[in-house]
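Chain and residue survey
Single-letter residue listing:
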Amino acid sequence: MSTPDLLATIVAATRRIVEVRQEREPQAALEKRAAAASPRADRFRAAVSGPDSINVVAECKRRSPSRGVLRADYDPASIARGYAGAGAAAISVLTEPTFFDGALDHLSAVRRAVDTPLLRKDFIVSEYQLLEARACGADAALLIVAALEAPALASLLARAADLGLAALVEVHDADELAIALDAGAQIVGVNNRNLRTLDVDVDASDRLIRAIPHHVVAVSESGLRTTDDLVRLRARGYRAFLIGERLMTETDPAAALARLLGRSVSARNDQKTHATTEDTEVQR
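Treat the numbers as computed from the prediction; the structure is a model and nothing was measured.

Strands sit in the order 1-4-5-6-7-8-9-10 around a closed barrel of eight strands; the barrel is parallel. Averaged over all adjacent pairs, the angle separating strand axes in this sheet is 25°, with direction ignored. Pairing of strand 1 (residues 55-60) with strand 4 (residues 90-94) involves four bridges; the strand directions are parallel. Across the sheet, Glu 59 pairs through a bridge with Ser 92, a residue of strand 4.

Turning our eyes to something else, we now look at empty space enclosed by the protein. Taken as a whole, this structure holds one cavity of 30 Å³ or more when the rule is applied. A volume near 40 Å³ is recorded for the largest cavity.

A few words on unusual backbone geometry. Here the phi dihedral of Asp 101 falls at roughly 60°; this positive angle occurs in a residue that is not glycine. For Asp 101, the location among the structural elements is in the loop between helix 5 (97-100) and helix 6 (104-113). If you check the backbone angles, Ser 222 has positive phi at about 75° while not being a glycine. With respect to the helices and strands, the residue Ser 222 is situated in the loop between strand 9 (217-221) and helix 11 (227-236).

With that settled, consider the packing of helix 1 (residues 6-24) against helix 7 (residues 127-135). Taken N-terminus to C-terminus, the directions of helix 1 and helix 7 make an angle of 65°; their axes are 10 Å apart at the nearest point. With respect to their mutual orientation, helix 1 and helix 7 come out roughly perpendicular. Considering the relative orientation of helix 1 and helix 7, their crossing is left-handed. Here Thr 14, Val 18, Arg 21 and Gln 22 of helix 1 come into contact with helix 7, specifically with Tyr 128, Gln 129 and Glu 132.

With that settled, the discussion passes to the confidence of the model for the protein. The predicted model of the protein has a mean per-residue pLDDT of 91, with 91% of residues at 70 or higher. Predicted confidence is poor over residues 266-284, with pLDDT under 50, and the contacts of this stretch with residues over four places away or in other chains come to 35 contacts.

As a further point, take the pairing of strand 5 (residues 118-121). Side chains Leu 118 and Arg 120 of strand 5 all project onto a buried face; the interleaved residues Leu 119 and Lys 121 project onto the opposite face, where all are buried too. With four bridges joining them, strand 4 and strand 5 adopt parallel strand pairing. Counted as the bridge partner of Ile 91 is Leu 118 from strand 5. Bridging between strand 5 and strand 6 (residues 140-144) involves two bridges; their strand directions are parallel. Across the sheet, Leu 119 pairs through a bridge with Ala 140, a residue of strand 6. Handedness of the crossover joining strand 5 and strand 6 through helix 7: right-handed.

Rules of the game
- In this numbering scheme, every chain counts its residues from 1 along its sequence in written order.
- Only residues with pLDDT of at least 70 get local features here, since the model is predicted, and only at 80 or more are side-chain atom pairs given and counted; chain-wide, interface and lining totals rely on the full set of residues.
- Computation of side-chain values: all heavy atoms of the structure, hydrogens and water removed.
- Note on pairing: DSSP must find at least two bridges between two strands before they are called paired.
- The numbering of helices and of strands both runs from the N terminus, where a helix is a DSSP run of H or I of at least 4 residues and a strand a run of E of at least 2.
- Angles here are taken between N-to-C directions and fall from 0 to 180 degrees, while the axes themselves are lines fitted to C-alpha atoms, restricted in helices to the stretch in contact.
- Think of a 1 Å grid over just the protein atoms. A cavity is a set of points where a 1.4 Å probe fits yet cannot get out, a pocket is an open set with protein on both sides within 12 Å along at least five of seven lines, and lining residues have an atom within 4 Å of a point.
- Grid points are joined across faces, edges and corners, and a volume is the space filled by probe spheres set on the points.
- Note on terminology: angles under 35 degrees are roughly parallel, angles over 145 are roughly antiparallel, angles of 65 to 115 are roughly perpendicular, and the others are oblique.
- Take the far helix as your reference; a near helix turned counterclockwise from it by less than a right angle gives a left-handed crossing, and one turned clockwise gives a right-handed crossing.
- A contact between two residues is defined here by any heavy atoms of the two lying within 4.5 Å.
- What pLDDT expresses is the predictor's confidence in each residue, scored from 0 to 100.
- Burial classification: accessible surface area is computed with a 1.4 Å probe over protein chains only, and a residue below 20% of its type maximum counts as buried, one above 50% as exposed, and the rest as partly exposed.
- A crossover counts as right-handed when, viewed with the strands pointing away from the observer, the path leading from the first strand over the helix to the second turns clockwise.

Right, here's the structure in full:
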């Protein structure tokens, strides 16, 4: 019996969801909303590139297909404020509704709560979703090589740049990495989790780093548990780490992040690490 391809199922569901949303809000109307936003692609890239720190993209995620509900009392804005105070370089917000219990409203709420660079984490297959990302306050969007044909990936990369969004291009193996680099990816995430089977192989990050050019920002994703994991992979050449379930299953995600970074939450909270709703609206 063949193993079900979870990624194909999610992508098919995503295409249908986008069709429904586009019926509710035509693209022309969405473009007007997106035009009012001011994404900061350069700031996101700088946040995940810093050479003198361990840069964590901390994730807001209520549920995962592999583990079910991670956090019943899910308040992404509150979680994001905690992450910002604990030293997150950037924050990832899951917006996929069917398999991850995400929503675009979560992204908007996090944007109002923090001034930290934001990544829209979803299965992006169309320009419409990039416009949604910009309209809801994202500075970057995830593009998954395994979910896209090579021409579509190149087209979405170019469109993201036109919209002022950075793109984190996710790969899992050498073939996908080659496609990402050929398309012009400048930030590459190596997902240690196989999205088709959900198996985790942290050695994927070790195998692929040798083929990632120095000028491309390398991000390791999934299966990272300890500070030692981050320090080891940073020495190999990774400049940032996307961490979700490891934090979301903790009683206090912000404290868990602070421990990973070797920092105290209280010390970070003495600094102004996030804007109020009114401040953010003025800035953006």
